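# Observations on the model geometry
Take a look at the letters that make up each chain.
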Amino acid sequence: MIRFSALDSWEDPRGGQIERIRIDNGILALEVLSLGGIIRSLWAPDRHGERTNIVLGCDSAADYLAQDACLGAAVGRYANRIKQGQINCRGKTFSLDKNFNGHCLHGGREGFHRRLWQLGTLPDGVRLSLISPDGDMGFPGECRVQLDYRLAGNNLFVEFMASSSQDCPVSLTQHSYFNLDGRADIAEHQLQLDSNKTLATDSEGIPCGIVDTQGSMLDLSQGKALKTLLGQPELAGGQGLDHCFISRQQKDELWRVGRLSAPLSGRGLTLYTNQPGVQLYTGAGLEGVKGRKGQAMKAWQGVCLEPQMLPDGANQPQLHGDPWITPGQVYHHLSRYEFDTQA
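Residues numbered from 1 in each chain as written. Predicted model: local features only at pLDDT ≥ 70, side-chain atom pairs only at ≥ 80, totals over all residues. Heavy atoms only, no water.

## A look at the overall build of the protein chain
What counts is decided by this rule: To qualify as a helix, a DSSP run of H or I must reach at least 4 residues; to qualify as a strand, a run of E must reach at least 2; elements of each kind are numbered from the N terminus. To get the radius of gyration, use the C-alpha atoms; to get the globule rule, take the number of residues to the power 0.38 and multiply by 2.2 Å. Contacts are assigned to residue pairs that have any heavy atoms within 4.5 Å of one another. The accessible surface values rely on the Shrake-Rupley method and a 1.4 Å probe; as for residues, cover is taken only from the protein chains in view. A positive count includes Lys and Arg, and a negative count includes Asp and Glu. His and the chain ends are not counted in either. By convention, the point assigned to a charge is CZ for Arg, NZ for Lys, CD for Glu and CG for Asp.
A count of helices and strands for the protein chain gives one helix and 28 strands. Computed over its C-alpha atoms, the radius of gyration of the protein chain comes to 19 Å, within 12% of the 20 Å expected for a compact globule of 343 residues. The principal-axis extents of the C-alpha atoms in the protein chain amount to approximately 60 × 50 × 35 Å. Contacts in the protein chain between residues at least 24 apart in sequence constitute 63% of all its contacts with a sequence separation of at least 6. In the form shown here, the protein chain has an accessible surface area of approximately 13,800 Å², with 48% of it arising from carbon and sulfur atoms. Positive and negative charge centroids in the protein chain, built from 33 and 38 side chains respectively, lie 1 Å apart.

Shown next as structure tokens:
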């Protein structure tokens, strides 16, 4: 039985109101905002059955709008990077918003994470919808997006569907930062991944090949404490993980990405998705971002697991997965976050 609670709305400093709703199935609970499709809070039990919020967030719309970390947001029209902010289709070049070192990141400055979504309820969760007009941040075609957050037992399902009136690349993701035990950083978290391939990238995160992780520092098949990866000069100059790991599967079916766990609380999170890649980001850029109670966040305070099409996939057809959709075609992203506890 899902319980719904309409929370007091927030003032949007740009004008209007931001809706907030809490859904609770007795095991997991979720607070969702109409701003950016943001998951502001996600409560899950620890080994003693005590529920605590396990995602990073802010206390006001102004704080969310002042940061560019995409805290808890639905990201699009294209998650991650598009090289030089350009895509080409049928001989025509489209110039996108360049908001990251001359590239387009997460859909541009005014991506989906900053938009007001229509928010409604489902029997087991909430549904958000958004219309992105033709030319939005430079992307071709009117894009209609539907996002469902649903709770089923100890699972959170995240499902995106999208269509476009013109040929357009689409890659949507959920950008929550997880901290499963509430400590100051995620150094003690353990991460195990089933994937043994990751994208090689240049210094600005643009893919330039695929590498096998077996036997390397990024071999996470047996699991490692994140503290063994943070601060390592071989990884993004000491910034930690900001790597896209690639699915072993070719079909549009759920594959097990891996498991994040926190020994202190006993909480675990296993991720399944139908997307061809998952960006693992340990939050080096969180330093100074204003979080709850106005407190400045620290680097590595949370970790993102972002299922998505591959970065710059719109320009690199040799990469796994085709992000382009045509009129009449439906983009479909389904991810399942399964929570558990260990003694």
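## Overview of the nonpolar core
Quick note on the threshold: Throughout, nonpolar core names a set of buried Ala, Val, Leu, Ile, Met, Phe, Trp, Tyr and Cys residues whose side chains join them through atoms within 4.5 Å. When accessible area is computed with a 1.4 Å probe and restricted to protein chains, residues below 20% of their type maximum are described as buried, those above 50% as exposed, and intermediate ones as partly exposed.
If you look at the biggest cluster of nonpolar residues, it comprises 69 residues, and the most contacted ones within it are Leu42, Tyr149, Leu156, Phe178 and Phe339. A total of five residues in this core trace back to one element, the largest contributor, which is strand 13 (residues 143-152). The next biggest cluster of nonpolar side chains, apart from the first, holds 19 residues, and it includes Leu56, Leu71, Tyr281 and Cys304.

## Remarks on the UniProt feature "binding site: beta-D-galactose" (unreviewed entry) in the protein chain
For the record, the criterion: UniProt positions are given in the numbering used here, feature names are shortened, and annotations may be inferred rather than shown by experiment. Under the rule applied, a polar contact is a pair of N or O atoms within 3.5 Å (in protein, one hydrogen donor and one hydrogen acceptor; residues adjacent in sequence only if both atoms are side-chain atoms).
Summarizing the sequence annotation, UniProt attributes the feature "binding site: beta-D-galactose" (unreviewed entry) to Asn80, Arg81, His175, Ser176, Tyr177 and Asp242 in the numbering used throughout. The buried category is assigned to His175, whose relative accessible area is 3%. A polar contact of 3.4 Å, which involves the side chain of His175, links it to the backbone oxygen of Cys70. Within the secondary structure layout, Tyr177 lies in strand 17 (residues 177-178). Once you skip the residues sitting within four places of it in the chain, Tyr177 turns out to touch Ile54, Val55, Leu56, Ala69, Cys70, Leu71, Tyr281, Gly283, Leu286, Gly302, Val303 and Cys304.

## Some details on the pairing of strand 28 (residues 331-341)
Threshold: If DSSP finds at least two bridges between two strands, the strands pair.
Two elements, strand 14 (residues 155-164) and strand 28, share eight bridges in a ladder whose sense is antiparallel. When the bridges of strand 28 are listed, Glu159 appears paired with Leu334.

## Considerations on the sheet that holds strand 4 (residues 39-45)
Heads up, the rule is: Helix axes use the C-alpha atoms of the stretch in contact, all axes being lines fitted to C-alpha atoms, and the angles between their N-to-C directions lie in the range 0 to 180 degrees.
In space, the five strands of this open sheet follow the order 1-2-3-4-5, with antiparallel pairing throughout. The strands lining the two open edges of the sheet, one partner per strand, are strand 1 (3-11) and strand 5 (51-53). On average, adjacent strands in this sheet sit at an angle of 15° to one another, irrespective of strand direction. Across three bridges, strand 4 lies against strand 5 in antiparallel orientation. What sits directly across from Pro45, in strand 5, is Arg51.

## Focus: the pattern of salt bridges
Stated formally: Any Lys or Arg side-chain nitrogen located within 4 Å of an Asp or Glu carboxyl oxygen qualifies as a salt bridge.
If you walk through the whole model with that rule in mind, you get 22 salt bridges. A salt bridge links Arg90 to Asp167; the nearest nitrogen and oxygen atoms lie 2.8 Å apart. On the criterion of sequence distance, the pair formed by Arg90 in the loop between strand 8 (86-89) and strand 9 (92-95) and Asp167 in the loop between strand 14 and strand 15 (168-169) is long-range, its members being 77 residues apart. Asp167 gets classed as buried once you look at its relative accessible area, which sits at 13%. By sharing partners, the salt bridges in this structure join Arg3, Arg22, Asp24 and Arg51 into a single network.

## A closer look at the side chain of Asn155
Its place among the elements puts Asn155 in strand 14. Taking the relative accessible area as the measure of exposure, Asn155 reaches 11% and is therefore buried. Discounting chain neighbours no more than four positions away, the residues touching Asn155 are Leu28, Arg150, Arg336, Tyr337 and Glu338.

## Thoughts on the UniProt feature "active site" (unreviewed entry) in the protein chain
Under the UniProt annotation, "active site" (unreviewed entry) lies at His175 and Glu306. Spatially, the listed residues are clustered: although they cover 132 residues, their C-alpha atoms lie within 6.1 Å of one another. Summarising the element assignment, His175 is placed in strand 16 (residues 173-175). Relative to the helices and strands, Glu306 is located in strand 26 (residues 303-308). A polar side-chain atom of Glu306 sits 3.5 Å from a polar atom in the side chain of His175.

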